[in-house]
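Inside the fold
Here's the letter readout for the chains.
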Amino acid sequence: MKEINTILVLGDSLSRGVLLDEKRKKYYFSDKCFFTFVKEKISPLIKNLAKFGATTLHCQKNLEKNLEEYKPDLVLIEYGGNDCDFDWSEIAKTPLEEHLPHVTLKDFEDHLTKIISKVKDYGAIPILMTLPPLVADSYFNWFTNGDKQMGDNVQEWLKGTWVIYYWQERYSSAIRHFADKNNLNLIDIRHAFLEHPDFRKLMCSDGIHPNEAGHRLIADEIIKYVSANRKELIV
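Below is a summary of the structure that appears in this document. (Residues numbered from 1 in each chain as written. Predicted model: local features only at pLDDT ≥ 70, side-chain atom pairs only at ≥ 80, totals over all residues. Heavy atoms only, no water.)

1. Observations regarding the environment of Asn229
Test applied: Labels follow the DSSP assignment, with helices taken as runs of H or I lasting at least four residues and strands as runs of E lasting at least two, numbered in each case from the N terminus. N or O atoms closer than or at 3.5 Å make up a polar contact, with two conditions inside protein: a donor-capable atom paired with an acceptor-capable one, and, for residues adjacent in sequence, both atoms drawn from side chains.
Assignment of secondary structure puts Asn229 in helix α11 (residues 212-229). Looking at Asn229, its side chain comes within polar contact range of the main-chain oxygen of Tyr225, at 2.8 Å.

2. Structural notes on the pattern of salt bridges
Quick note on the threshold: When a carboxyl oxygen of Asp or Glu is within 4 Å of a side-chain nitrogen of Lys or Arg, the pair counts as a salt bridge. Each residue's exposure class comes from its accessible area (1.4 Å probe, protein chains only) as a fraction of the maximum for that residue type: buried when under 20%, exposed when over 50%, partly exposed otherwise.
The tally for this structure, following the rule as stated, stands at 12 salt bridges. Across the pair Arg216 and Glu212 runs a salt bridge, and its minimum N-O distance is 3.4 Å. Residue Arg216 and its partner Glu212 are both found in helix α11; the two are separated by four residues, about one turn of the helix. For Arg216, a relative accessible area of 39% gives the class partly exposed.

3. Some remarks on the nonpolar core
Stated precisely, the cut-off is as follows: For our purposes a nonpolar core is just a set of buried Ala, Val, Leu, Ile, Met, Phe, Trp, Tyr and Cys residues, chained together by side-chain atoms within 4.5 Å. For this analysis, residues touch if any pair of their heavy atoms sits within 4.5 Å.
One finds Phe34, Val38, Leu76, Met129, Ile187, Ile218 and Ile222 to be the most contacted residues of the largest nonpolar core, which totals 31 residues. When residues of this core are traced back to their parent elements, those giving at least two are β1 (6-11), α2 (34-39), β5 (74-78), β6 (125-129), α10 (189-195) and α11. Considering each element in turn, this core owes the most residues, seven residues, to α11. Once residues lying within four places of it in the same chain are set aside, the contact partners of Ile222 are Phe34, Val38, Leu76, Met129 and Ile187. By size, the runner-up hydrophobic cluster in this structure holds 28 residues, among which are Tyr79, Ile115, Phe178 and Leu186.

4. Observations regarding the packing of helix α7 (residues 136-144) against helix α8 (residues 148-158)
To keep it simple, the criterion reads: Axis lines are fitted to C-alpha atoms, over the contacting stretch for helices. Their N-to-C directions set the angle, which ranges from 0 to 180 degrees. In these notes the angle categories are as follows: under 35 degrees is roughly parallel, over 145 is roughly antiparallel, 65 to 115 is roughly perpendicular, and the rest is oblique. Should the near helix be turned counterclockwise from the far one by less than a right angle, the crossing is left-handed, whereas a clockwise turn marks it as right-handed. Three residue categories are used. Nonpolar comprises Ala, Val, Leu, Ile, Met, Phe, Trp, Tyr, Cys and Pro, charged comprises Asp, Glu, Lys and Arg, and polar comprises the others, including Gly.
Running from N to C, α7 and α8 point in directions that differ by 130°, and their axes come no closer than 10 Å. Considering the angle they form, α7 stands oblique to α8. Read as a crossing pair, α7 and α8 show a hand that is right-handed. Taken together, the residues of α8 that come into contact with α7 (itself represented by Phe140, Phe143 and Thr144) are Met150, Gly151, Val154, Gln155 and Leu158. Tallied by class, residues from the contact of α7 with α8 come to five nonpolar, three polar and no charged.

5. Regarding the environment of Cys84
Note on placement: Cys84 falls in the loop between β5 and α5 (88-93). With relative accessibility at 6%, the residue Cys84 sits in the buried group. Once the C-alpha coordinates of Cys84 and Lys65 are considered, the two residues, 19 residues apart in sequence, prove to be 26 Å apart. Beyond its immediate chain neighbours, meaning those up to four positions away, Cys84 contacts Pro101, Trp167, Gln168 and Tyr171.

6. A word on the sheet that holds strand β7 (residues 185-187)
For clarity, the cut-off: Note on pairing: two strands pair once DSSP finds at least 2 bridges between them.
Read from one edge of the open sheet, five strands run β4-β1-β5-β6-β7, paired in parallel fashion. Only two strands of the sheet have a single neighbouring strand rather than two, namely β4 (45-48) and β7. Put simply, the sheet's adjacent strands are angled 25° from each other on average, direction ignored. When β5 meets β6, the two strands line up parallel, connected through four bridges. Bridge pairing in β6 places Ile77 opposite Leu128.

Structure below.
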């Protein structure tokens, strides 16, 4: 069994620990995030390279360099929330035209294939993570920010706010399917959120970022996974 001394976290604002200040309606980097909670419970060194706004495309650009620099034994890979998102301002301007997400679903799966391949070639163990569910109406209200014209135009293109949830669900399902198909390690945090009686209480009011309670749930799932698979890493 491979010895685990260093863990590398690759992801977006979720892994970076971005929360929403509910009073000021501004994002901030919090120490009350799953990364901090997990660090307190396991022995390996954890290096967090997650970035706000990152996609699988961003991940690939510096992946080889990061692997060589930090020499991880295990890599936690958390992407999809930005990949599946759209340029809502552009949609509002031209709601009758076709619009694509930042990274199409096909490209997303292709990017995952390349990321996993590079991590394995380096000799590290890749672990994928599914996406927390978003709250569609809250997210819609967040990015339209009370602009009725923008909201009406986006709705004309969407044909229903629920479509935002459906679209994001496709990317999370793709991660799970990809892991199953390639026999990869997977931490299914989405399942844990959806088991909650009202997962909306685990999310910030923007509908897309977990709050502190949500981050504690993610940390619990990661620790549960480590305990079941590599118990010696728990302190």
